[in-house]
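Given next are the chains, with one letter for each unit.
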Amino acid sequence: MKFERFVALRYLTRRKGLFAIITTLIGVAGVSVGVAALITTLSVMNGFQTDIKEKVIGAQSHILVFGRMPAGAYEEHIKQIEQIPLVEAAAPHIYGQAILSYDGQSVGLVVRGLDPEKEKNINNLNDSLTEGSFTPDWAEDAPAPLVLGTELAYSLGAQVGDDVVLISPQSISTSAGMFPKMKKFRVSGLLRTGYYEFDNTIAYTTLPHASDFLGLKGGVTGVAVKLHNLNQADQAAEQIRQAIGYGYTVRTFAQLNSTLYAALKLEKAVMFIILFLIIIVASLNIAGNLILLGTEKLRDIGLMRAMGASPKMIRKVFMWEAMAIATLGIFLGIALACLLCWIIATFNIVELPGDIYYLTKVPVRMEWTDLLAVVGGSYLICFFAGLYPAAKASRVNPTDAIRYG
């Protein structure tokens, strides 16, 4: 073991006096608490972020292609898209706006037309059905089926089997003038994606009924695409643009929900900065502890200098001391963070209202990138905290230190 490291570890483990021991423990505890708080908070935020992303993608798809496609033409586009190696599956979709009227209440919403069988290949929307189905076994003369989000259905008081009216913004011309297009639908199911915006603003029906209601004459308004690898969404979107040509808008899931994801990233960044201040405060404890050590061991420093130790060696002793405290605090902090994350994920300590969040336990997801960032940043701060005490100790005059130490 090198001389500097040996002396640093000896000073760390053989210090005399209760006050000196307490200051060392405070330095270690400060780093531990800061690291544990930061890792735990980031893990919880990652859990919520992942949960929201899964719910959004589970109700949409990785990529959406927008643009009116006539009947027959969209099938050719789907074949072109599915030939791209990055693409796993594709399905047609229809998006349109309408007003839903039920029991004297009216609300604006998005009408989404889909093919239930092909939709299974691109998302888990079918698994989100809590009641009923997209294609009920009704009589031929029954109104068209319409699946409502649970939040929308609860706010209107509608249930499966109730008849509702959809009013299209498109007008139809009659001998008496222009009138809004209206069509009766029957609620065939309720759907809960877990994402409030979807469950409160979207109504689902099959492609033929959506196309007829919106006047598309058998056509669709775009194609939904699922990829083999979600992280290649931008690359796949560019290939899709080249495959189907101009006249269509291709948007990835991140672009479709850019405001939501930007807010989540900003919140995570702000929390990282705020909680990192705890580690900065802990580093000040380390600096104070090393300054106290320099005063306490002034005579020892003078003796080492007199025996031939260079200022550089004295600086290394104190830097090794700072890094030893930082290492002990960081590893204890990581262990404490893992314990806290396990407790939060296993036990229902913080009970969430299920009707709002659609989950009762706080989601936790630890990521190596966050762990490395916290550990690296903590080491860097503790390193800078040890620079001044180390420089001050290395400038001690050997004669004065031995005489007055």
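Whatever comes next refers back to the structure up there.
Rules used in this analysis
Residues numbered from 1 in each chain as written. Predicted model: local features only at pLDDT ≥ 70, side-chain atom pairs only at ≥ 80, totals over all residues. Heavy atoms only, no water. Helix = DSSP H or I, 4+ residues; strand = E, 2+ residues; numbered from the N terminus. Rg over C-alpha atoms; globule rule 2.2 N^0.38 Å. Buried < 20%, exposed > 50% of the residue type's maximum accessible area, 1.4 Å probe, protein only. Contact = heavy atoms within 4.5 Å. Areas by Shrake-Rupley, 256 points an atom, 1.4 Å probe, with all protein chains shown as cover. Salt bridge = Lys/Arg side-chain N within 4 Å of Asp/Glu carboxyl O. Arc of directions from axis to C-beta. Core = buried A, V, L, I, M, F, W, Y, C linked by side-chain atoms within 4.5 Å. 1 Å grid on protein atoms, 1.4 Å probe; cavity = no way out; pocket = protein on both sides within 12 Å on 5 of 7 lines; lining within 4 Å. Points joined across faces, edges and corners; volume = space filled by probe spheres on them. Nonpolar A, V, L, I, M, F, W, Y, C, P; charged D, E, K, R; others polar. Pairing = 2+ DSSP bridges. Polar contact = N/O pair within 3.5 Å; in protein donor to acceptor, adjacent residues only side chain to side chain.

### Structural notes on the overall build of the chain
Looking only at helices and strands, one finds 15 helices and ten strands in the chain. The C-alpha atoms of the chain give a radius of gyration of 32 Å, which is well past the 22 Å a tight globule of 405 residues would have. Here the C-alpha coordinates of the chain stretch approximately 115 × 45 × 35 Å along the principal axes. Counting over 405 residues, the chain shows a buried share of 45%. Here the contacts in the chain between residues at least 6 apart in sequence split such that 79% fall between residues at least 24 apart. When the accessible area of the chain is evaluated, it comes to approximately 20500 Å², of which 60% is carbon and sulfur surface.

### Side note on the pattern of salt bridges
For side chains bearing opposite charge, pairing can occur when the charged atoms are close. With the rule as written, the count across this model stands at nine salt bridges. The closest approach of N and O atoms between Asp51 and Lys55, which form a salt bridge, is 3.1 Å. Note that Asp51 and Lys55 are positioned in helix H2 (residues 18–59) at a spacing of four residues, about one turn of the helix. By relative accessible area, which is 15% here, Lys55 ends up buried. Two residues, Asp370 and Lys268, come together in a salt bridge whose shortest N-O distance is 3.2 Å. Highlighted residues: Asp370 in helix H14 (residues 368–394) and Lys268 in helix H10 (residues 258–296), separated in sequence by 102 residues. Residue Lys268 is classed as buried on the basis of its relative accessible area of 17%.

### Some details on helix H3 (residues 73–82)
Burial in H3 covers these residues: Tyr74, His77, Ile78 and Ile81. For H3, the buried positions fall inside an angular range of 105° around the axis, keeping them on one side.

### Here we look at the nonpolar core
Generally speaking, soluble globular proteins have nonpolar side chains that are buried together. Counting 59 residues, the largest nonpolar core has Val65, Ile81, Leu100, Leu148, Leu166, Val225 and Ile240 as the members making the most contacts within it. At six residues, strand E2 (residues 87–102) tops the list of elements feeding residues into this core. Other than its neighbours up to four places away in sequence, Leu100 contacts Gln105, Ser106, Val107, Leu109, Leu146, Leu148, Leu152, Leu156, Val164, Val165 and Leu166. Of all hydrophobic cores here, the second largest spans 38 residues; its members include Leu275, Ile286, Ala393 and Val396.

### So, empty space enclosed by the protein
Enumeration according to the criterion identifies one cavity of 30 Å³ or more in this entry. The computed volume of the largest cavity comes to approximately 40 Å³. Around the largest cavity, the lining residues are Ile39, Leu42, Ser43, Asn46, Met366, Glu367, Asp370 and Leu371. At the level of elements, H2 and H14 are the ones that each hand at least two residues to the lining of the largest cavity. Of the residues forming the lining of the largest cavity, the biggest block, four residues, is contributed by H2. Looking at the lining of the largest cavity, its residues break down into four nonpolar, two polar and two charged.

### As for the pairing of E2
Moving residue by residue along a regular strand, the side chains alternate between the two faces of the sheet. Both E2 and strand E9 (residues 220–227) contribute to a ladder of six bridges, which runs antiparallel. Directly across from Ala91, in E9, lies its bridge partner Ala224. Strand direction decides the pairing type here: E2 and strand E3 (residues 105–114), joined by ten bridges, are antiparallel. Each residue of the ladder has a partner; that of His93, found in E3, is Leu114. Linking E2 back to E3 in an antiparallel pair, the connection comprises two residues, with Asp103 at a positive phi of about 50°.

### Here's the deal with the side chain of His62
By secondary structure assignment, the location of His62 is in the loop between H2 and strand E1 (63–69). A relative accessible area of 10% means that His62 is categorised as buried. A distance of 2.9 Å separates a polar atom in the side chain of His62 from the backbone nitrogen of Leu227. For His62, the residues in contact, after removing those within four places along its chain, are Ile57, Val225, Lys226, Leu227, Leu230, Arg251, Thr252 and Phe253.

These figures come from the coordinates and say nothing about function on their own.
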